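Take a look at the letters that make up each chain.
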Amino acid sequence: MSNRIDNISIPGKDSPCQSWKLYYEALVKSYGTTNAREAWLYTFNQSGNSICTKDKSFNTWAAKNKIGIADGIDKAIAGVSGIGNNIINGFGTLTGLTPKVATVALVGGLGITLFLLYRIAKQVQVSDIINVLPIGKAGSIAKQLKS
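These notes cover the structure that comes with them. Here, residues in each chain are numbered from 1, in the same order as that chain's written sequence. The predicted origin of the model limits local features to residues at a pLDDT of at least 70 and limits the giving and counting of side-chain atom pairs to 80 or more, whereas totals for whole chains, interfaces and linings rest on all residues. With hydrogens and water excluded, all non-hydrogen atoms of the structure serve as input to the side-chain values.

**Description of the overall build of the protein chain**
Secondary structure assignment for the protein chain yields 6 helices and 2 strands. What you see in the protein chain, going N to C, is helices and strands ordered as β-β-α-α-α-α-α-α. The 147 residues of the protein chain split such that 22% are buried. Taking the intrachain contacts of the protein chain between residues at least 6 apart in sequence as the baseline, contacts between residues at least 24 apart amount to 41%. Computed by Shrake-Rupley with a 1.4 Å probe, the accessible areas treat only the displayed protein chains as cover when residues are assessed. Split by element, the accessible area of the protein chain, about 10800 Å² in all, is 64% carbon and sulfur. Helical segments are the DSSP runs of H or I of at least four residues, strand segments are the runs of E of at least two, and each set is numbered from the N terminus. Relative accessible area decides the class of each residue, using a 1.4 Å probe on protein chains only: under 20% of the type maximum gives buried, over 50% gives exposed, and in between gives partly exposed. In what follows, a contact means two residues having at least one pair of non-hydrogen atoms within 4.5 Å.

See below:
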């Protein structure tokens, strides 16, 4: 903040967007809305932070105060960055859900596995298990050789 007018600090090119909002509020208090809007637009056009016009919340604030600062390209960039932020926030939420979903899947998988083992154990005979084992196969081959 390099300059001042009537004890109001004027933001510079590298000033954060919040400084520009505070500058506008100070102008409104001192000079009224119409004059403040004109002075603010002039100052922002001369030395405004171009990053602010690509910020969706800043553009919303400007529209609410009837200040037309962003052109179509800046609004598109702000919209895309807003979508990107929503996606990143969604991944953050998803990351918080992942351990819970994994726990539910693990418990559910374990339950299904135990149920299937129970069903299989009910239907399988001991002789079937013996025939599957190598010793059981050897015994059946020996029986066939004797016959």
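**A word on the packing of helix 1 (residues 17–31) against helix 3 (residues 56–64)**
As a packed pair, helix 1 and helix 3 sit with axes 11 Å apart at the nearest point and diverge in direction by 10°. Considered as vectors, helix 1 and helix 3 are oriented roughly parallel to each other. Handedness of the crossing formed by helix 1 with helix 3: left-handed. Across from Cys-17, Trp-20, Lys-21 and Tyr-24 in helix 1, the residues of helix 3 making contact are Ser-57, Phe-58 and Trp-61. In the scheme used here, Gly and all other residues not listed as nonpolar or charged are polar, with Ala, Val, Leu, Ile, Met, Phe, Trp, Tyr, Cys and Pro taken as nonpolar and Asp, Glu, Lys and Arg as charged. In the contact of helix 1 with helix 3, the residues fall into 5 nonpolar, 1 polar and 1 charged. In this analysis an axis means a line fitted to C-alpha atoms, helices contributing only their contacting stretch, and an angle means the value between N-to-C directions, from 0 to 180 degrees. Should an angle lie under 35 degrees it is considered roughly parallel, over 145 roughly antiparallel, and from 65 to 115 roughly perpendicular; all remaining angles are considered oblique. In this scheme the crossing of two helices becomes right-handed for a clockwise turn of the near helix relative to the far one and left-handed for an anticlockwise turn of less than a right angle.

**Quick notes on the packing of aromatic side chains**
Stacked, edge-to-face and tilted are the three classes for Phe, Tyr and Trp ring pairs, Trp counted by its six-membered ring, which pair at centre distances within 6.5 Å; planes under 30 degrees apart are stacked, over 60 edge-to-face, the rest tilted. In total, this model carries 10 aromatic pairs according to the counting rule given. When the centroid spacing of 6.0 Å and the interplanar angle of 25° are considered together, the rings of Phe-44 and Phe-58 count as stacked. Within this pair, whereas Phe-44 is found in helix 2 (residues 33–47), its partner Phe-58 is found in helix 3, the two being separated by 14 residues in sequence. By relative accessible area, which is 0% here, Phe-58 ends up buried.

**Topic: the packing of helix 1 against helix 2**
Each pair of packed helices gets described by two things: the angle between the helix axes and the distance between those axes. Across the interface, helix 1 lies against helix 2 with an axial gap of 8 Å and an inter-helix angle of 145°. Along this stretch, helix 1 crosses helix 2, giving a crossing that reads as right-handed. Only Thr-33, Asn-35, Ala-36, Arg-37, Ala-39, Trp-40, Thr-43, Phe-44 and Ser-47 of helix 2 make contact with helix 1, whose side of the interface consists of Trp-20, Tyr-23, Tyr-24, Leu-27, Val-28 and Tyr-31. Residue classes in the contact of helix 1 with helix 2 are distributed as 10 nonpolar, 4 polar and 1 charged.

**As for the state of the cysteines**
Note on terminology: disulfide describes a covalent bond linking the sulfur atoms of two cysteines. A pair of cysteine sulfur atoms is labelled a disulfide when the two atoms are within 2.5 Å. One pass over the full model with this rule turns up 1 disulfide. The disulfide partner of Cys-17 is Cys-52, and the S-S distance across this bridge is 2.2 Å. Residues Cys-17 and Cys-52 are joined through a disulfide that is left-handed, its torsion about the S-S bond being -110°. Pair noted here: Cys-17 is in helix 1 and Cys-52 is in the loop between helix 2 and helix 3, with a separation of 35 residues, a long-range link. As far as the burial class goes, Cys-17 and Cys-52 line up, both buried.

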